[in-house]
Structures are given as structure tokens and as C-alpha cells.
Amino acid sequence: MKTLFTWALVLPIIASISLTSCKKEEEEIKPFVPPTIENPLEDKILVASGSSDEADYDIKVYADQDLFVGYNKLYTVLYEKGTMNQIKTAHLNFEPMMSMNSGHNHSCPTENTMEAEPEDGIWESAIVFIMPSGDMGSWTLIANVHNQSNDKHGTAQMNIDVMAPADARLFSFESSTDQRKIFITLIEPSSPEVGENDLVIGAYYKEGMISFPAVEDLIFEFE
């Protein structure tokens, strides 16, 4: 009887210790891991920045690489002037302008976005530069913005550098049928890979020193 009574006291104590140990393991607090925030402009290059006093905004323009003669995609972000508060509702269009040393000015083909509220507040556009910066002249990128947060209109003028790539991505010729000056540019593949590649070609003609509409009546043959 004495031995049995001793074990009756010991067993509940062991069970109590075991349950307490499990409970502490279950309540162990794991370290906080902050969520990963993706930056859609992380791999882009800042190619131009400026501001407008009339519409109270700052502008930053990014590209996939340094600007070159050919088709360039642009990614634009607007901020309230002097702050990092992003403007996400606005109308934006670009007017690239080459100031020639000869005294003549001209533009180039441009694809402007029509979105007023783009995803992530990033306006996507494209410009086909038809000649490099250098001895013949210099490029200016003019941004026209309707800032809908304050209903003001204003422009920002930004000096930009356009290089001539090692491998040409733009060619021009004069049409034998109507004497139009036509520009052909490679859009895709921007980075060709071994295997199947989607081929996208842009074609534009010179209507004047400022206007370069898309050509819609060409037939291409590739070899």
C-alpha cells in the first residue's frame, strides 16, 4: 500500500510538467517578416526629370535603357511639386523636339498614352528617336500635363541625350510611289534570344517637321 501511494503522487506531477512544456512550445512567437513590396521601376533607368510651376508637379521619366535612335518605351511618374506624394490622376503627352544647329527644329514619331489613371500611377509611352544627340543638334523632351488633382495645366521641358546604338534599330527611305520619307524601327524583340521570337516592326512617315503618323499601307517581306 505504501508503494502504490507513492506512485500515485509522482505520475500527476510528471504529466503536469509535460503539458506545460508543450504549451510553451505552441505559444512560441515567430519573428515578424515584413511583406515584400515590388517596385515596377526597379530595373528601369532614370532618363529625364523636371517640374512645372503652372501645374505644381514634378516629373520623372524612366526607360529600359539609355535613350537611343529607334523605339524607346518610357515609364513616367508624377509627384506633387516638392514632395514624394504621387499624382495618380492626370493626362500626359510628350512632344520630343530636336533643335538643329542649322536653325531648324523637328520632332519624331511618338506614342502617347490616353489613360488618365494608369496602373500603379505609371504612364507608359513610346518615342521613336530618328537621330542622335551630338554635333547636329540636341533633344528636348516636353511633357504636357493636365494635373487633375488641382485641375491645372502645365509643361515641363527636359534636356535628354539620345545615342546611336552599335546595332542600328531604325532605317529610313524615300517611297518610290509617293516620295514620302518613311522610318522603319524594330520594336520587338528588344533582346533577341536563340529560338522563337515575336517580331514587331513600327513604320512611320514624315508628314511635316512635327507630325510623324503611322504608316498603314505597307507590305513587308523578310529574308
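Everything below is about the structure printed above this text.
Residues numbered from 1 in each chain as written. Predicted model: local features only at pLDDT ≥ 70, side-chain atom pairs only at ≥ 80, totals over all residues. Heavy atoms only, no water.

Novice: What am I meant to see in the nonpolar core here?
Specialist: The nonpolar side chains of soluble globular proteins are, as a tendency, buried together. Core analysis: the largest hydrophobic core is formed by 39 residues, its most contacted members being Tyr57, Ile59, Val61 and Phe94. Of all the secondary-structure elements, those providing two or more residues to this core are β1 (45-52), β2 (57-63), β3 (70-80), β5 (90-100), β8 (123-129), β9 (137-147), β10 (152-160) and β12 (181-188). Setting aside anything within four residues of it in sequence, one finds Tyr57 in contact with Ser51, Ser52, Leu78, Tyr79, Lys81, Ile87, Ala143, Val145, Asn147, Gly154, Thr155 and Ala156. Judged by nonpolar contacts, the second largest core, of six residues, contains Tyr62, Tyr75, Tyr79 and Ile122. (Core = buried A, V, L, I, M, F, W, Y, C linked by side-chain atoms within 4.5 Å. Buried < 20%, exposed > 50% of the residue type's maximum accessible area, 1.4 Å probe, protein only. Helix = DSSP H or I, 4+ residues; strand = E, 2+ residues; numbered from the N terminus. Contact = heavy atoms within 4.5 Å.)

Novice: Before we go on, may I ask you to explain a nonpolar patch on the surface in this structure?
Specialist: A surface patch of nonpolar side chains, about 330 Å² in accessible area, is lined by Leu199, Phe220 and Phe222. With respect to the helices and strands, the residue Phe222 is situated in the segment after β13 (200-205). Judged by its relative accessible area of 56%, Phe222 is exposed. (Patch = residues over 30% accessible without salt bridge, like charges linked within 9 Å, V, L, I, M, F, W, Y side chains within 5 Å. Areas by Shrake-Rupley, 256 points an atom, 1.4 Å probe, with all protein chains shown as cover. Salt bridge = Lys/Arg side-chain N within 4 Å of Asp/Glu carboxyl O.)

Novice: Before we go on, may I ask you to explain the packing of aromatic side chains in this structure?
Specialist: The geometry of an aromatic ring pair comes down to the distance between the two centres and the angle between the two planes. A full pass over the atoms with the stated rule returns three aromatic pairs. Between the NZ or CZ atom of Arg180 and the centre of the ring of Tyr205, over which it lies, the distance is 4.7 Å. (Phe/Tyr/Trp six-rings, centres within 6.5 Å; stacked < 30°, edge-to-face > 60°. Lys NZ or Arg CZ within 6 Å of the ring centre and 35° of its normal.)

Novice: Is there a simple way to explain the environment of Leu92 in this structure?
Specialist: On the secondary structure map, Leu92 appears in strand β5. A relative accessible area of 3% means that Leu92 is categorised as buried. Setting aside residues no more than four positions away along its own chain, Leu92 makes contact with Ile59, Thr76, Thr113, Trp123, Ala143, Asn144 and Val145.

Novice: Whenever I open this one, the environment of Ile59 confuses me. Can you help?
Specialist: Structurally, Ile59 can be placed in strand β2. Between the C-alpha atoms of Ile59 and Val77, which are 18 residues apart in sequence, the distance is 5.9 Å. Leave out the neighbours within four places in its chain, and Ile59 touches Ala48, Ser49, Gly50, Ser51, Thr76, Val77, Leu78, Leu92, Phe94, Ala143, Ala156 and Met158.

Novice: What exactly am I supposed to notice about the pattern of salt bridges here?
Specialist: For side chains bearing opposite charge, pairing can occur when the charged atoms are close. Throughout the structure, instances matching the rule amount to seven salt bridges. Taking the shortest distance from any N to any O, the salt bridge between Asp43 and Lys44 comes out at 3.9 Å. The class for Asp43 is exposed, based on a relative accessible area of 58%. The closest approach of N and O atoms between Asp53 and Lys81, which form a salt bridge, is 3.3 Å. Taken together, the positions of Asp53 in the loop between β1 and β2 and Lys81 in the loop between β3 and β4 (86-87) put the pair 28 residues apart, joining distant regions of the chain.

Novice: Just checking my understanding: could you explain unusual backbone geometry for this structure?
Specialist: Where the residue is not glycine, phi is negative for most of them; where a peptide bond is considered, it is trans in most cases. A cis amide bond, omega 5 degrees, links Glu188 with the succeeding residue Pro189. You can see Pro189 is positioned in the loop between β12 and β13. Positive phi outside glycine occurs at Asp120, with the angle close to 65 degrees. Among the secondary structure elements, Asp120 is positioned in the loop between β7 (110-111) and β8. Of note, Gln179 is a non-glycine position whose phi angle comes to about 60 degrees, a positive value. Note on placement: Gln179 falls in the loop between β11 (170-174) and β12. Judged by its relative accessible area of 48%, Gln179 falls in the partly exposed class.

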